[in-house]
Amino acid sequence: MTVAVEVTDLVKRYPKSGSKAVDGISFDVAAGEVFGLLGPNGAGKTTTVGILTTRVLPTGGRALVGGVDVAADPVATRRKVAVVPQRVNLDRSLNARQNLLWHAAYHGVPRAERNRLADELLDRMGLSDKRKALVDDLSGGQAQRLMIARALIHRPEVLFLDEPSTGLDPQARLFVHDRIDDLRAQGVTVVLTTHDMDEAEKLADRVGVVDHGKLLTLDTPEALIKALPGSGTLDATLRPNGFAPADLVPLLASVDGVERVEQIGEREPAGAEPELRLRLYVGGEPAALLGPVAQTLHEQRVPVSGLALGQATLEDVFIELTGRELR
Ligand SMILES: Nc1ncnc2c1ncn2[C@@H]1O[C@H](COP(=O)(O)OP(=O)(O)OP(=O)(O)O)[C@@H](O)[C@H]1O
């Protein structure tokens, strides 16, 4: 395996800050891999990407991109990486195509090639008809696509995407996802940060979950889900019939084979009794628990309107590891 990114015991403490934004993170990204860094707000994802793209100086540890030490040789690193930041940082005095050309010139792409690449990338990103548009006249999704085009124009070895689809509408999000899939097919190494589980599960070959500057786990989405205690699920929709969720959760958790129970929804339809949705995480085969769960609820005269079998998701892994409290 060729290693594209190698991070060892990376630490970042911002001046005047009490805690470490990055606190001893280590991971490798293989060449051609789409690697996801998943974590809640403030977990340290942007700082990690900042270090790998030479915009933030590490306090300790080591990071190599394409074999180059990012802190020791930022100039060589910048030739190997490209970054699509969270916020639009296009040049507002230039039109879409000029943004690409300027960036290509900055990176030393020869003039003839610059023009050809700019047109090709505008086409690939669905922006041919916006080539002369000023940045302020682009929608959020168009600006995002232009930043991806700009990032690709100097043919980076590793593309860093910081929260690539935050704030995009579903069509624009899907378009960006398809382009990331294209990049994988072309063998470009992609490191993306996200707090969107679906995005991580769908796009990333492997996912590292970070929180409070530490890497909590790292594996393929499937393996992370499988390792979760209770990776099969049984969703029960019921009318509480006077029971509080705080009573029903332990009641169902006491059924043999149920590992834990979480409330996942509550509805109060107009004129009808409230409805509660509970998710049971199951170690073995969830179907085997349909009978016992229905029986337990029946004995307490709790009407059940639905029992659905399912699989845990990356979101369940994430909540299990990082908790429910807001950041
Ligand atoms: N320039 C800075 N100066 C001081 N503290 C900072 C700076 N940038 C980030 N931090 C702090 O470092 C921690 C990690 O922030 P970082 O932006 O890396 O997290 P993140 O996982 O990318 O979060 P988000 O998803 O909200 O962008 C946070 O506590 C943040 O407040």
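The model shown is predicted, which means the values in this text are computed figures rather than measured ones.

Parameters at a glance
Residues numbered from 1 in each chain as written. Predicted model: local features only at pLDDT ≥ 70, side-chain atom pairs only at ≥ 80, totals over all residues. Heavy atoms only, no water. Helix = DSSP H or I, 4+ residues; strand = E, 2+ residues; numbered from the N terminus. Buried < 20%, exposed > 50% of the residue type's maximum accessible area, 1.4 Å probe, protein only. Contact = heavy atoms within 4.5 Å. Areas by Shrake-Rupley, 256 points an atom, 1.4 Å probe, with all protein chains shown as cover. Lys, Arg positive; Asp, Glu negative; His and termini not counted. Charge placed at Lys NZ, Arg CZ, Asp CG, Glu CD. Patch = residues over 30% accessible without salt bridge, like charges linked within 9 Å, V, L, I, M, F, W, Y side chains within 5 Å. Salt bridge = Lys/Arg side-chain N within 4 Å of Asp/Glu carboxyl O. 1 Å grid on protein atoms, 1.4 Å probe; cavity = no way out; pocket = protein on both sides within 12 Å on 5 of 7 lines; lining within 4 Å. Points joined across faces, edges and corners; volume = space filled by probe spheres on them. Phe/Tyr/Trp six-rings, centres within 6.5 Å; stacked < 30°, edge-to-face > 60°. Near = heavy atom within 4 Å. Polar contact = N/O pair within 3.5 Å; in protein donor to acceptor, adjacent residues only side chain to side chain. Sits in = over half its atoms within 2 Å of the grid points. Core = buried A, V, L, I, M, F, W, Y, C linked by side-chain atoms within 4.5 Å. Pairing = 2+ DSSP bridges. Axes fitted to C-alpha atoms, helices over the stretch in contact; angles between N-to-C directions. Parallel < 35°, antiparallel > 145°, perpendicular 65-115°, else oblique. Left-handed = near helix turned anticlockwise from the far one by under 90°. Nonpolar A, V, L, I, M, F, W, Y, C, P; charged D, E, K, R; others polar.

## Examining the overall build of the chain
- Within the chain, the regular secondary structure consists of eleven helices and 14 strands.
- Referenced to the eigenvectors of the C-alpha coordinate spread, the extents of the chain come out at roughly 80 × 45 × 40 Å.
- In the chain, buried positions account for 48% of the 327 residues.
- Sequence separation of 24 or more characterises 70% of the internal contacts of the chain that already satisfy a separation of 6 or more.
- Of the roughly 15,600 Å² of accessible surface on the chain, a fraction of 49% belongs to carbon and sulfur atoms.
- Across the chain, the 38 positively charged side chains and the 45 negatively charged ones have centroids separated by 9 Å.

## Some thoughts on a negative patch on the surface
- A contiguous patch of negative charge on the surface is contributed by Asp198, Glu201, Asp219, Glu222 and Glu315.
- With respect to the helices and strands, glutamate 315 occurs in helix α11 (residues 314-322).

## Quick look at the layout of surface pockets
- When its volume is computed, the largest pocket comes out at roughly 440 Å³.
- Along the wall of the largest pocket there are 20 residues; nearest its centre are Val83, Asn89, His103, His107 and Arg150.
- For the lining of the largest pocket, the secondary structure elements donating two or more residues are β6 (81-84), α3 (96-106) and α5 (140-152).
- Among the elements that make up the lining of the largest pocket, the one with the highest residue count is α3 (four residues).

## A look at the packing of aromatic side chains
- Scanning the entire structure with this criterion turns up two aromatic pairs.
- Ring centres 4.9 Å apart and planes at 10° place the aromatic pair phenylalanine 27 and phenylalanine 35 in the stacked group. Each member of the pair, phenylalanine 27 as well as phenylalanine 35, is classed as buried.
- Between the aromatic rings of tryptophan 102 and tyrosine 106, the centroid separation amounts to 5.9 Å while the plane-to-plane angle is 15°, which identifies the pairing as stacked. Placement of the pair is tryptophan 102 and tyrosine 106 together in helix α3, with a separation of four residues, close to one helical turn. Tyrosine 106 carries the same exposure label as tryptophan 102, and that label is exposed.

## Here we look at the side chain of threonine 47
- Along the chain, threonine 47 falls in helix α1 (residues 45-52).
- Residue threonine 47 is classed as buried on the basis of its relative accessible area of 9%.
- When sequence neighbours within four positions are dropped, the list of residues in contact with threonine 47 reads Lys12, Tyr14, Ala21, Val22 and Val56.

## A word on the site of the ligand
- In the vicinity of the ligand, the residues found are Tyr14, Ala21, Pro40, Asn41, Gly42, Ala43, Gly44, Lys45, Thr46, Thr47, Gln86 and Glu163.
- Contact distances for the ligand include 2.9 Å between an oxygen atom and a backbone N or O atom of glycine 44.
- Between the ligand and the protein, one listed contact pairs an oxygen atom with a side-chain N or O atom of threonine 47 at 2.5 Å.
- Relative to its free-state accessible area of 640 Å², the ligand is covered by the protein chains to the extent of 59%.
- Here the ligand occupies the second largest pocket.

## What to know about the nonpolar core
- Ranked by internal contacts, the top residues of the largest apolar core, which has 37 residues, are Leu146, Leu159, Leu161, Ile180 and Val190.
- Within the residue set of this core, elements represented by two or more residues are β6, α3, α4 (111-124), α5, β7 (158-162), α6 (170-185) and β8 (189-194).
- Ranked by residue count, the leading element in this core is α5, at seven residues.
- Sequence-distant contacts of isoleucine 180, that is, excluding residues within four places in its chain, are made with Val34, Leu161, Pro164, Val190, Leu192 and Leu203.
- Grouped together as the second largest cluster of nonpolar side chains are 23 residues, Ile25, Ala63, Val65 and Val70 included.

## A look at the sheet that holds strand β12 (residues 258-267)
- An order of β12-β13-β11-β14 is seen for the four strands of this open sheet, with the pairing classed as antiparallel. Where the open sheet ends on each side, the last strands, each with one partner, are β12 and β14 (304-311). Across the sheet, the axes of successive neighbouring strands diverge by a mean angle of 20°, strand direction being ignored.
- For strand β11 (residues 232-238) and strand β13 (residues 275-282), the ladder comprises seven bridges, and the chain directions are antiparallel.

## So, the packing of α5 against α6
- Where α5 contacts α6, the axes come no closer than 10 Å and their chain directions differ by 15°. By the angle between their axes, α5 is roughly parallel relative to α6. Classified by chirality, the crossing of α6 by α5 is right-handed. Taken together, the residues of α6 that come into contact with α5 (itself represented by Gly141, Gln144, Arg145, Ile148 and Leu152) are Ala172, Phe175, Val176 and Leu183.
- Partitioning the contact of α5 with α6 into residue classes produces six nonpolar, two polar and one charged.

As far as function goes, none of this settles anything; it's purely spatial.
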